[in-house]
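Structural characterization, general
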Amino acid sequence: MKNTSNVLNEITSDIENQKKYAKRVRKIIAEKIDRKKRPLYVFIQTFGCQQNEADSERLLGSALSLGYEKADFIENADLVIFNTCAVREHAELKAFSKTGQLKHLKEKNPDLLIGLWGCMVNQEHRIDEIKHNYPYVNFVAGTNMLHRLPEILCDVLENNRRRYYVDDSDYPVVEGIPVKRESDIKAWISIMYGCNNYCTYCVVPYVRGRERSRNADVIVDEAKSLIESGYKEITLLGQNVNSYGSDKNEVSFAKLLERIAALDGDFIIRFMTSHPKDVSDELIDVIAKYDKIERHFHLPIQSGSDEILRKMNRKYTTDAYLKVVEKLKKAIPDIVFTTDIIVAFPGATDEDFNQTLDICEKVGYDSIYSFVFSPRKGTPAEKMENNITEAQKNERMAKLLAEHRERIVKINKSYENTVQKVLCDTRRNESGFYFGKTSTFKLVKFTYEGNNNIYGKFVNVLITSSGDAMLYGKMI
Ligand code: SF4
């Protein structure tokens, strides 16, 4: 185990090195711009979760600081980076199919640089596939290398060779990477990376490494400057935000959340993803104390069967899960829950599935993000026998979604004739509608007759009708 001062020295010299690489890359980019008599463009496409979205904003910030400009279309790009996801087979196949489509762009523009980044490429078997099937990909880099884009581009540009960087996924979080945010009112803030839970179906601990929390002061300063520059929604991100700080025994997630909620300004704080075993009373008290903290709690259950939860290594029982839900509902009566559910986990019987339906009924989720089990290479669940037929998988998924739809129609109906505070996050569309979300993470489509610019403002909307996907109303 490296001692802290060695690690800090390593990071400091790494950051210094990246500055030197950046200088060399800027020179090369400037020469290319001169020669081509036009800007050089970068195009970044993100696959997967919000944390990948946040990472892509750092990749874009870094590329722009090296002299690239943001491309609107992939066809105009001189540098294409796909930030990939490995959470399910589907996400990986999608990234490969998109990479396949780049072949003709490369033939048209041999100078085009193509990079694959992120979770999918932090797996040896996928790197082998890229080496053999996508020889025109210039570089591959893992999740924990955001700060090393200058070095990678320098190497590829100066030496005109393909590079495969598999990272030391436990490398500490490096701060100070330029960031170019997608939105000017809503911001992602990753507070930690990695996960120590090793759920048997999940590839995250293998591709994002162990939990590493960012420094609390740095996070609070980042939130403060965003709020002062007009941001209205801050979403704190982590694979398991509730265990923030436990790797450093410093500030708990509840304390961090309170420090941000105590900042001046009219804004909303959201966070994801929570693990049921780490929801503390301290956290529940902080959420109850501050209206700025969303009245929505994303709490993945994955299965309603204790036997399946044991096989998933989720480290809680349905009783313990329901106790957490009860505690939250008692302390924050208007709180709503969303969840993740894996359908057809190996060995899940009809009875196990019925227990999942029961718990959905008990909690009354506002949204269910449900997926059919996708075996991930190298995870324990990959080796588990799975005799569930395609027909059973489809039938269970259809039943889960149908029951959820029935419930959500009733839940959304209960919002009618109420006034909701909504963050307007769009401008008026061609049909005259605006969109935004409530503190309970409900999507609202609404009208506003006036001419004020309400984009990025909290507005009051009278809910006049509802459906299964959103609420409808008019601003008052
Ligand atoms: S808590 Fe489990 S499912 Fe979530 S990222 Fe960690 S290992 Fe994966």
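Some words on the overall build of the protein chain
In terms of regular secondary structure, the protein chain is built from 14 helices and 19 strands. On C-alpha atoms alone, the protein chain measures out to a radius of gyration of 23 Å, which is about the 23 Å that the 2.2 N^0.38 rule sets for 476 residues. C-alpha atoms of the protein chain, sized along the principal axes, occupy 65 × 60 × 50 Å. Residues classed as buried in the protein chain amount to 52% of the 476 residues present.

Examining the site of the ligand
In the vicinity of the ligand, the contacting residues are Cys195, Asn197, Tyr198, Cys199, Tyr201, Cys202, Val204, Pro205, Gln239, His275 and Arg314. Residue classes in the shell around the ligand are distributed as seven nonpolar, three polar and one charged.

Some remarks on the packing of helix H8 (residues 216-228) against helix H9 (residues 253-261)
The relative placement of two packed helices comes down to the angle between their axes together with the axis-to-axis distance. The N-to-C vectors of H8 and H9 enclose an angle of 30°; their axes lie 10 Å apart at closest approach. By the criterion of interaxial angle, the relationship of H8 to H9 is roughly parallel. With respect to the hand of their crossing, H8 and H9 are arranged in right-handed fashion. Between H8 and H9, the contacting residues are Ala216, Asp217, Ile219, Val220 and Ala223 on the first element and Leu256, Arg259 and Ile260 on the second. Across the contact of H8 with H9, the residue classes break down as six nonpolar, no polar and two charged.

A word on the sheet that holds strand E11 (residues 268-272)
Within the open sheet, the three strands sit side by side as E7-E10-E11. Their pairing is parallel. Looking at strand neighbours, the two that pair on one side only are strand E7 (186-190) and E11, the edges of this open sheet. The average undirected angle you get between the axes of adjacent strands in this sheet is 20°. Note that strand E10 (residues 233-237) and E11 share five bridges and pair parallel. Across the sheet, Leu237 pairs through a bridge with Met272, a residue of E11. Its contacts with the sheet put helix H2 (residues 50-65) on E7, E10 and E11, and the angle it makes with E7 is roughly 95°.

As for unusual backbone geometry
Thr273 follows Met272 through a cis peptide bond whose omega is 10°. You can see Thr273 is positioned in the loop between E11 and helix H10 (281-289). Phi at Lys37 is positive, roughly 55°, even though this residue is not glycine. Here Lys37 shows up in the loop between helix H1 (4-36) and strand E1 (41-46). The backbone of Gln302 shows a phi angle near 70°, a positive value even though the residue is not glycine. Among the structural elements, Gln302 can be located in the loop between strand E12 (296-298) and helix H11 (306-311). A residue is classified by how much of its surface remains accessible, and Gln302, at 8% relative accessible area, is buried.

With respect to helix H3 (residues 89-101)
Because each turn of an α-helix spans 3.6 residues, side chains separated by three or four positions end up pointing in the same direction. Between its terminal C-alpha atoms H3 stretches 19 Å, which fits the 18 Å expected from 13 residues at 1.5 Å a residue. Ala91, Glu92, Ala95, Phe96 and Thr99 are the residues of H3 that are buried. An end-on view of H3 places all buried positions within 135° of arc, on one side of the element. Buried residues in H3 make contact with strand E3 (79-84), helix H4 (103-108), strand E4 (113-118) and helix H5 (124-133).

Thoughts on the side chain of Arg126
Tracing the backbone through its elements, the reader meets Arg126 in helix H5. Within the structure, Arg126 has its side chain in polar contact with the side chain of Glu92 (distance 2.6 Å).

Section: empty space enclosed by the protein
All told, the structure shown has two cavities of 30 Å³ or more when counted by the stated rule. Quantified by volume, the largest cavity comes out at close to 90 Å³. Lining the largest cavity are 13 residues; nearest its centre among them are Ile342, Ala344, Ala348, Phe353 and Thr356. Elements represented by at least two residues in the lining of the largest cavity include exactly strand E13 (336-343) and helix H13 (350-363).

So, the domain arrangement of the protein chain
Segmentation of the protein chain into domains returns domain 1 (15-165), domain 2 (186-413) and domain 3 (419-475). For domain 1 and domain 3, the distance between their C-alpha centroids amounts to 37 Å.

Points about the pairing of strand E18 (residues 458-466)
If a strand is regular, its side chains alternate between the two faces of the sheet. Pairing geometry for strand E15 (residues 419-424) and E18, over five bridges, is antiparallel. By the bridge assignment for E18, Lys421 is matched with Asn460.

Quick word on the packing of aromatic side chains
Summed over the entire model, instances satisfying the criterion amount to 13 aromatic pairs. An aromatic cluster is present here, built from Phe253, Phe271, Phe297 and Phe337 joined pairwise through their rings.

Considerations on the sheet that holds strand E6 (residues 163-165)
Strand order in the open sheet formed by six strands is E2-E1-E3-E4-E5-E6, with parallel pairing between adjacent strands. Either end of the sheet is taken by a strand with one partner, and the two such strands are strand E2 (69-70) and E6. Bridge analysis of strand E5 (residues 139-141) against E6 gives three bridges, and the strand direction is parallel. Bridging across to E6, Phe139 finds its partner in Arg163. Packing against the sheet, H5 makes contact with E4, E5 and E6, and its axis sits at approximately 170° to E6.

Here we look at the state of the cysteines
Counted under the stated rule, the structure contains zero disulfides. With no disulfide of its own, Cys85 lies closest to Cys119 among cysteine sulfurs, the gap being 6.4 Å. When its relative accessible area of 8% is taken as the criterion, Cys85 is described as buried.

A look at the pattern of salt bridges
For the structure on display, the rule yields 40 salt bridges. The closest approach of N and O atoms between Lys421 and Asp266, which form a salt bridge, is 3.5 Å. Here the residue Lys421 occupies a position in strand E15, and Asp266 occupies one in the loop between H9 and E11, the gap between them amounting to 155 residues. Under the relative-accessibility criterion, Lys421 is labelled partly exposed at 45%. Through salt bridges with shared partners, a single network forms among Glu57, Arg58, Glu175, Arg181, Arg214 and Glu222.

Rules of the game
Residues numbered from 1 in each chain as written. Predicted model: local features only at pLDDT ≥ 70, side-chain atom pairs only at ≥ 80, totals over all residues. Heavy atoms only, no water. Helix = DSSP H or I, 4+ residues; strand = E, 2+ residues; numbered from the N terminus. Rg over C-alpha atoms; globule rule 2.2 N^0.38 Å. Buried < 20%, exposed > 50% of the residue type's maximum accessible area, 1.4 Å probe, protein only. Near = heavy atom within 4 Å. Nonpolar A, V, L, I, M, F, W, Y, C, P; charged D, E, K, R; others polar. Axes fitted to C-alpha atoms, helices over the stretch in contact; angles between N-to-C directions. Parallel < 35°, antiparallel > 145°, perpendicular 65-115°, else oblique. Left-handed = near helix turned anticlockwise from the far one by under 90°. Contact = heavy atoms within 4.5 Å. Pairing = 2+ DSSP bridges. Expected span 1.5 Å × (residues − 1). Arc of directions from axis to C-beta. Polar contact = N/O pair within 3.5 Å; in protein donor to acceptor, adjacent residues only side chain to side chain. 1 Å grid on protein atoms, 1.4 Å probe; cavity = no way out; pocket = protein on both sides within 12 Å on 5 of 7 lines; lining within 4 Å. Points joined across faces, edges and corners; volume = space filled by probe spheres on them. Domains from an automatic or database assignment. Phe/Tyr/Trp six-rings, centres within 6.5 Å; stacked < 30°, edge-to-face > 60°. Disulfide = S-S within 2.5 Å. Salt bridge = Lys/Arg side-chain N within 4 Å of Asp/Glu carboxyl O.

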